[in-house]
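Below are the chains, spelled out letter by letter.
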Amino acid sequence: MKKIKNIHIAIIIIGILFNCISIFHPNLWFDEAYSVGLADKSFADIWKIGGNDVHPILYYWILHIIYLITHNLFGLSMNGTIIAYRVFSSVCISLLGILGFTHIKKDFGEKTGALFSFFSYFLPVICIYAAEVRMYSLAVLLVTILAIYAYRLYKDDSKIKNWIIFGLSSLACIYVHYYGLMAAGIINCVLLFYFIKQKKISSIVKIMVSGVIQLIAYIPWIMYFMKQLSNVSKGFWIGFEFPKTLFQLIGVQFSGNLEGKYDAIGFVLAILVFAYAIFRLVKSKKTDNDKNNVAAITSIAIYFAVILAAIVITAVLRTSILYFRYLFVITGLFIFFISYCIAKEKNKYIIGAICVITLGFAIWSNYLQITEAYDKNNMTPIEYLKENVKQDDVIVFDESNFGTGSVVSLNFTDNKQFYYNPSDWGVEAAYKAFGEQLKIYTNLDFLNDCNGRIWIIDSENSDYYNTVFNNDNYNVISRKTIKTGYENYTYNMILVEKVGEMH
């Protein structure tokens, strides 16, 4: 037992360090830029602006608290605050793995707890969200905590502390991500059904009261929830591409940064591990009739129930909300299932082989993450612009280049900016996160306000420039194209000036 405990502690220490390697950088991609842009707004503005996005706002409120501490109190630069945001994501993943030691081990034994911590740190997908300025690391932690305390109430519904943690984590889940909302709803319903079946009147009353309190606490957000649902039903960017999307949905936890041409590898590995876990569960059920098996079965059933709910909503809205990235929110349920089932294996070499293979893919995934995060060209475009952009210069970009454009936008909040959105995504209210200096146009009327020097943030092929600015009205002053490692962004920065206004 002491040997397993020491191994478990080592897994936690190494796992935390492993996932912290890639967090110390200020690079951003579009989704992260949105988080950073929204985080420096007031709590009230985050509520109003975030209500026009596609996610709830709890995560952004937490980022705002971090912003107030790091930027306002300690005077850190935006880059320093971005790193602090990444540290928060890493802390959430660190706590997820620690749950294996503090909770899973206590409820399900040393082996299951150690394996839970191992997969919480070394599934290849983990390193991505441990370093990303998005809500997914917080969401997976909250859903896992909710599931743990739902199980504890299933075992013993007499402790008030468990009810309080269950209720608070459930409320937090519904305010952090809509997959968290689905997971919390299903978990609450499963536990209620169990209490009804067991005729536990007191617990039925408690969970109903908890549900009513959560509903009341959610009422202020319901208007925005319905608005976001309406926006999604009008069309959303998530699509389905066979077999790529299928590989991603099934193999996401084992693909990590290997997605793309290696999607099939993650898919196959996920199928093999999952099939083996089911085999171990079925075999153990025949031999030891462990009542804890119900926890594993319920855990993976809830995981797939959330996916099924997403499919149903997709059918109703006629637009997909089933996206492999969102599955990370419920990955704690998946981790527990495979950990519990693999712990049934008595042959340590088989367990070791599964862990070694998983670790190998995790190292590969994290290596790609690290090389991308610390690519020497990542900050070069911003540095180049800071050296060359003047106070009265205008910055423009279109919908095809909003990823790079959003990053530039955050770094030049004192310059007039125009985002050309001819497809009319209906994002004007949500994109106030990037600041009042950014104006959105669905037509070319913004050109009337583009006087003097104009910086075009374009694609490598200069499509935006060729469509709008490649004519007799503009002269090119300079061009600079820089490819970065982070998210494979390419910044094509074209400086033009209207004919007759050149100095």
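Structure's up top.
**Student:** Honestly, the overall build of the protein in this entry has me stumped. Any pointers?
**Tutor:** Looking only at helices and strands, one finds 19 helices and six strands in the protein. At 25 Å, the protein has a C-alpha radius of gyration in line with the 23 Å of a compact globule built from 503 residues. The dimensions of the protein, computed from C-alpha atoms along their principal axes, are 85 × 50 × 50 Å. Within the span of the protein, comprising 503 residues, buried residues form 57% of the whole. As displayed, the protein has an accessible area near 22400 Å², and 63% of this comes from carbon and sulfur atoms.

**Student:** Whenever I open this one, the side chain of Arg325 confuses me. Can you help?
**Tutor:** Residue placement: Arg325 occurs in the loop between α14 (293–317) and α15 (331–342). Discounting chain neighbours no more than four positions away, the residues touching Arg325 are Trp29, Tyr129, Glu132 and Tyr136.

**Student:** What am I meant to see in α14 here?
**Tutor:** Side chains three or four residues apart in an α-helix point the same way, a direct result of the helix having 3.6 residues per turn. With 25 residues, α14 extends 36 Å from end C-alpha to end C-alpha; this agrees with the ideal 36 Å at 1.5 Å per step. Within α14 the residues assigned to the buried category are Asn293, Ala295, Ala296, Ser299, Ile300, Ile302, Tyr303, Val306, Ile307, Ala310, Thr314 and Leu317. Within two residues after α14, Arg318 carries a phi angle of roughly 60°, on the positive side.

**Student:** I tried to follow the pairing of strand β3 (residues 438–441) on my own but got confused; where do I start?
**Tutor:** It is a general feature of regular strands that their side chains alternate between the two faces of the sheet. Only one face of β3 is buried, namely the one carrying Leu438 and Ile440, since none of Lys439 and Tyr441 on the opposite face is buried. The pairing of strand β2 (residues 416–420) with β3 spans four bridges and is classified as parallel. When the sheet's bridge partners are listed, Tyr419 is paired in β3 with Ile440.

**Student:** How should I be thinking about the pattern of salt bridges in this particular structure?
**Tutor:** Side chains that differ in sign of charge can pair as their charged atoms come close. Going through the model one piece at a time under the given rule, you end up with nine salt bridges. Between Asp157 and Lys200 there is a salt bridge, and its shortest N-O distance comes to 3.8 Å. Of this pair, Asp157 sits in the loop between α8 (136–155) and α9 (160–174) while Lys200 sits in the loop between α10 (178–197) and α11 (201–233), and the two are 43 residues apart along the sequence. Given a relative accessible area of 25%, Lys200 falls into the partly exposed group.

**Student:** Explanation requested: the state of the cysteines in the structure shown.
**Tutor:** Here a disulfide denotes a covalent bond joining the sulfur atom of one cysteine to the sulfur atom of another. If you walk through the whole model with that rule in mind, you get zero disulfides. Here Cys189 is not disulfide-linked; the sulfur of Cys173 is the nearest cysteine sulfur, at 14 Å. Since its relative accessible area comes to 52%, Cys189 is described here as exposed. The thiol of Cys355 is not disulfide-bonded; the next cysteine sulfur, from Cys341, is found 14 Å away. The class for Cys355 is buried, based on a relative accessible area of 14%.

**Student:** What is the right way to look at the nonpolar core in this model?
**Tutor:** For soluble globular proteins, nonpolar side chains are generally found buried alongside one another. Counting 152 residues, the largest nonpolar core has Ile330 and Tyr431 as the members making the most contacts within it. Here this core gets 14 residues from one element, more than from any other, and that element is α8. Beyond its immediate stretch of four places on either side in the chain, Tyr431 contacts Phe30, Tyr34, Phe402, Tyr419, Trp425, Leu438 and Ile440. Judged by nonpolar contacts, the second largest core, of 16 residues, contains Val394, Phe446, Ile494 and Val496.

**Student:** What exactly am I supposed to notice about the sheet that holds β2 here?
**Tutor:** Strands in a sheet are paired, the pairing made by backbone hydrogen bonds, and the direction either parallel or antiparallel. Read across the open sheet, the six strands follow the order β3-β2-β1-β4-β6-β5; overall the sheet is mixed. In this open sheet, the two edge strands, each paired with only one partner strand, are β3 and β5 (474–483). Sheet twist, expressed as the average angle between the axes of neighbouring strands with direction ignored, equals 20°. Here strand β1 (residues 394–398) pairs with strand β4 (residues 453–458) via three bridges, running parallel. Bridge pairing links Val396 to Ile456 in β4.

**Student:** What should I look at first to understand a nonpolar patch on the surface in this one?
**Tutor:** A cluster of nonpolar side chains, namely Phe43, Ile65, Leu68, Ile69, Leu73, Phe74 and Leu76, defines an oily patch on the protein surface of about 650 Å² accessible area. Of the residues forming the nonpolar patch, the biggest block, four residues, is contributed by helix α4 (residues 58–73). Within the secondary structure, Leu73 is located in helix α4.

**Student:** Please clarify how the side chain of Ser169 should be interpreted in this entry.
**Tutor:** Among the structural elements, Ser169 can be located in helix α9. At 2.7 Å, the side chain of Ser169 and the backbone oxygen of Ile165 are in polar contact. Once you skip the residues sitting within four places of it in the chain, Ser169 turns out to touch Leu142, Ile145 and Leu146.

**Student:** Please explain the packing of aromatic side chains as it appears in this structure.
**Tutor:** Describing an aromatic ring pair means giving the distance of the ring centres and the angle of the ring planes. Per the stated rule, a full pass over the model turns up 61 aromatic pairs. A ring pair is formed by Trp47 and Trp221, whose centres lie 5.1 Å apart and whose planes are at 85°; its orientation type is edge-to-face. In this pair, Trp47 sits in helix α3 (residues 43–50) while Trp221 sits in helix α11, placing the two residues 174 residues apart along the sequence. For Trp47, a relative accessible area of 18% gives the class buried. Ring centres 6.4 Å apart and planes at 80° place the aromatic pair Phe254 and Phe334 in the edge-to-face group. In this pair, Phe254 sits in helix α12 (residues 244–255) while Phe334 sits in helix α15, placing the two residues 80 residues apart along the sequence. A single burial state applies to Phe254 and to Phe334, both of which are buried. Here the aromatic residues Phe30, Tyr34, Tyr59, Tyr60, Phe88, Phe397, Phe402, Tyr419, Trp425, Tyr431 and Phe434 are joined through ring pairs into a cluster of three or more. The ring of Tyr465 has Arg479 sitting right over it, with the charged end atom 4.8 Å from the ring centre.

What counts as what
- Along each chain, residues carry numbers from 1 onward, in the same order as the chain's sequence is written.
- Selection of residues for local features in this predicted model requires a pLDDT of at least 70, selection of side-chain atom pairs for listing and counting requires 80 or more, and totals for whole chains, interfaces and linings are taken over all residues.
- Derived side-chain values reflect all non-hydrogen atoms in the structure, with water molecules and hydrogen atoms excluded from consideration.
- Secondary structure elements follow DSSP: runs of H or I of four or more residues count as helices, runs of E of two or more count as strands, with numbering from the N terminus.
- A radius of gyration in this sense is built from C-alpha atoms; the matching globule rule multiplies 2.2 Å by the number of residues raised to 0.38.
- To sort residues, take the accessible area from a 1.4 Å probe on protein chains only and compare it with the maximum for the residue type: under 20% means buried, over 50% means exposed, and anything in between is partly exposed.
- Methods summary: accessible areas were calculated by the Shrake-Rupley approach with a probe of 1.4 Å, and residue burial reflects only the protein chains presented.
- Throughout, a residue-residue contact means that at least one pair of heavy atoms, one from each residue, lies within 4.5 Å.
- To estimate the expected span of a helix, subtract one from its residue number and multiply by 1.5 Å.
- Two strands make a pair as long as DSSP finds a minimum of two bridges between them.
- For this analysis, a salt bridge means a side-chain nitrogen from Lys or Arg found within 4 Å of a carboxyl oxygen belonging to Asp or Glu.
- The definition used for a disulfide is geometric: two cysteine sulfur atoms within 2.5 Å.
- Put simply, buried Ala, Val, Leu, Ile, Met, Phe, Trp, Tyr and Cys residues joined by side-chain atoms within 4.5 Å make one nonpolar core.
- Only the contacting stretch of a helix is used when fitting its axis, a line to C-alpha atoms as for every element, and angles between N-to-C directions run 0 to 180 degrees.
- Patch definition: residues with relative accessible area over 30% and no salt bridge; like charges joined within 9 Å; nonpolar side chains (Val, Leu, Ile, Met, Phe, Trp, Tyr) joined within 5 Å.
- Polar contacts, as used here, are pairs of N or O atoms within 3.5 Å; protein pairs need one atom able to donate a hydrogen and one able to accept it. Residues neighboring in sequence count only if both atoms are side-chain atoms.
- In this scheme Phe, Tyr and Trp rings, the latter by its six-membered ring, pair at centre separations within 6.5 Å, and the angle between planes marks the pair as stacked below 30 degrees, edge-to-face above 60, and tilted otherwise.
- Lysine and arginine charges are scored as sitting over a ring when NZ or CZ, respectively, is within 6 Å of the ring centre and within 35 degrees of the ring normal.

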